[in-house]
Amino acid sequence: MPSPHRITLIEGDGIGPEIAKAAVDVIAAAGVFVTWDRAPVGQAALKQLGELLPKETLRSIRRNKVALKGPITTPVGEGYPSINVALRQQLDLYACVRPVTSLPSVRSRFQNIDLVIIRENTEDLYAGKEHEIVPGVIESLKIITKRASTRIARYTFEYATKHRRKKVTAIHKANIMKLSDGLFLRCCRSVAKRYPRIEYGEMIVDNTCLQLVMDPNQFDLFVTPNLYGDIISDLAAGLVGGIGLVPGANIGRKYAVFEPVHGSWPSAAGKGLANPTAMILSSVLMLRHMGEERAAQRIERAVSEVLAEGKTLTSDLGGTASTDEFSLAVVQRLQR
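Here's a quick rundown of the structure. Because the structure is predicted, anything quoted here is derived from the model rather than measured.

### As for the sheet that holds strand 1 (residues 5-10)
Within the open sheet, the 10 strands sit side by side as 2-1-3-12-11-4-5-10-8-9. Their pairing is mixed. Since the sheet does not close on itself, it has two edges, and those belong to strand 2 (34-38) and strand 9 (199-204), each with one partner. With strand direction ignored, the average angle separating the axes of adjacent strands in the sheet is 25 degrees. As paired elements, strand 11 (residues 247-251) and strand 12 (residues 256-260) share five bridges and run antiparallel to each other. When the bridges of strand 12 are listed, Asn-250 appears paired with Val-257.

Right under this line is the structure:
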């Protein structure tokens, strides 16, 4: 029997435990031996340990190098800062990778979409540097550095080379933010010169959103600062059938955390309504990262076959299947 992988499992809040279970069951059915270190983050951690991001959870990820994570609830307009942002900063998970692809029999306005959004993950407005200057006046600092911009550009072009991508488009608003986004572009241009075989282009973020909803197939691979990448990722998910279908990876030099793009949907917790596809496909990205290519391909194929058959679909895709019923259908495909 092969030695098991040891992976940190963060179930998350809301629907997180349900979709995490789905991914764990599917990975087991694919024949990958895993010892899971279950570690709380967010509201579950606050209840159990009195901390939102426990030090032991960070130690577990540092020890195992890899984590699979469900969504974490972030209060809107009040309350504690984003735990997702804190986790990425603590572990220096500087590259957020979000592939967006068309899936079989999923109704959408476009076909054959195959995009990848690579987002700088540690700075920009998400650095969380904001304060009240005087009552009624808030200042938020947009942090863009040469180091982080060069690093994400280099990661993007290396990704393009490895995955045989033909074009990289850098997203910006440098017509207005000439210093911050201007620096980001200068770094991307400098790196692009070292990869002459890959076409390089630039596009203002608002025009990018327009062009994506008109003709997404004109794009291949994006490199973006933090905020723009977050927005474009959700927009792109809508082009392939919804946010319940899109996986994500947060990659650093030492550690990697894999998670779906969507949120925790607290009102649906425990009701079996969640589509676990994004979580399962995030585990596919994780398995590839760990060198388990055969299992990754098998899971990817099983998910595609269940979607193509159309008999076991969750409500977001027009079906009536529960979270468990969908994941069981994928497991049964793997066991054939």
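### What to know about the packing of helix 5 (residues 146-162) against helix 6 (residues 180-192)
A pair of packed helices is characterised by two quantities: the angle between their axes and the separation of those axes. Look at helix 5 against helix 6: their axes get within 8 Å of each other, and the N-to-C directions meet at 40 degrees. Between helix 5 and helix 6, the crossing angle belongs to the class labelled oblique. Helix 6 is crossed by helix 5, and the crossing has right-handed handedness. Of the residues in helix 6, those in contact with Lys-146, Ser-149, Thr-150, Ile-152, Ala-153, Arg-154 and Phe-157 of helix 5 are Leu-183, Phe-184, Cys-187, Cys-188, Val-191 and Ala-192. In terms of residue class, the contact of helix 5 with helix 6 is made up of nine nonpolar, two polar and two charged.

### So, a nonpolar patch on the surface
There is a patch of nonpolar side chains on the surface, built from Ile-133, Val-134 and Val-137 and spanning about 230 Å² of accessible area. Within the secondary structure, Val-134 is located in strand 6 (residues 130-134).

### Overview of the pairing of strand 5 (residues 114-120)
Of all seven residues in strand 5, six are buried; the element is thus mostly enclosed. Two elements, strand 4 (residues 95-101) and strand 5, share seven bridges in a ladder whose sense is antiparallel. Its bridge partner being in strand 5, Pro-99 is matched across the sheet by Val-116.

### A closer look at the side chain of Asp-37
The topology assignment puts Asp-37 in strand 2. Leave out the neighbours within four places in its chain, and Asp-37 touches Arg-6, Ile-7, Thr-8, Leu-9, Ser-60, Arg-63 and Asn-64.

### Details of the environment of Glu-300
By secondary structure assignment, the location of Glu-300 is in helix 10 (residues 293-309). Its relative accessible area of 33% is what places Glu-300 among the partly exposed residues. Considered as a pair, Glu-300 and Thr-169 are 131 residues apart in the sequence and their alpha carbons are 27 Å apart. Among the polar contacts listed, one links the side chain of Glu-300 to the side chain of Arg-288, at a separation of 2.8 Å.

### Here's the deal with the packing of aromatic side chains
For the coordinates displayed, the defined rule picks out five aromatic pairs. Ring centres of Phe-219 and Phe-222 lie 4.9 Å apart, and the angle between their planes is 40 degrees; this geometry places the pair in the tilted category. The burial state of Phe-219 is the same as that of Phe-222; both residues are buried. An aromatic cluster is present here, built from Tyr-94, Tyr-155 and Tyr-159 joined pairwise through their rings.

Rules used throughout
- One numbering rule holds for all chains: residues counted from 1, following each sequence as written.
- Per-residue local features of the predicted model are confined to residues with pLDDT of at least 70, and side-chain atom pairs are confined, for both listing and counting, to 80 or more; whole-chain, interface and lining totals are unaffected and use all residues.
- Processing note: side-chain calculations cover all non-hydrogen atoms of the structure and skip hydrogens and water entirely.
- Strand pairing follows a simple DSSP-based rule, namely that at least 2 bridges must link the two strands.
- The numbering of helices and of strands both runs from the N terminus, where a helix is a DSSP run of H or I of at least 4 residues and a strand a run of E of at least 2.
- Axes here mean lines fitted to C-alpha atoms, for a helix over just the part in contact, with angles spanning 0 to 180 degrees between N-to-C directions.
- Throughout, the term roughly parallel applies to angles under 35 degrees, roughly antiparallel to angles over 145, roughly perpendicular to angles from 65 to 115, and oblique to all others.
- Working rule for handedness: look at the near helix, and if it is turned counterclockwise from the far one by less than a right angle, call the crossing left-handed; if clockwise, right-handed.
- Whether two residues are in contact is decided by their heavy atoms, any of which lying within 4.5 Å being enough.
- Following the grouping adopted for this structure description, the nonpolar residues are Ala, Val, Leu, Ile, Met, Phe, Trp, Tyr, Cys and Pro, the charged ones are Asp, Glu, Lys and Arg, and the polar ones are all others, Gly among them.
- Like-charged residues are merged into a patch within 9 Å and nonpolar side chains (Val, Leu, Ile, Met, Phe, Trp, Tyr) within 5 Å, provided each residue has over 30% relative accessible area and no salt bridge.
- In short, Shrake-Rupley with a 1.4 Å probe defines the accessible areas, and a residue's cover is counted only from the protein chains shown.
- Whenever a carboxyl oxygen of Asp or Glu lies within 4 Å of a side-chain nitrogen of Lys or Arg, that contact is scored as a salt bridge.
- For every residue, the accessible area obtained with a 1.4 Å probe (protein chains only) is divided by the maximum for its type, and the residue is called buried under 20%, exposed over 50%, and partly exposed between those limits.
- Polar contact is the term for a pair of N or O atoms within 3.5 Å; when the atoms are in protein, one must be able to donate a hydrogen and the other to accept it, and sequence-neighboring residues count only if both atoms are side-chain atoms.
- Between 30 and 60 degrees the pair is tilted, below 30 it is stacked and above 60 it is edge-to-face, where a pair is any two Phe, Tyr or Trp rings, Trp via its six-membered ring, whose centres lie within 6.5 Å.

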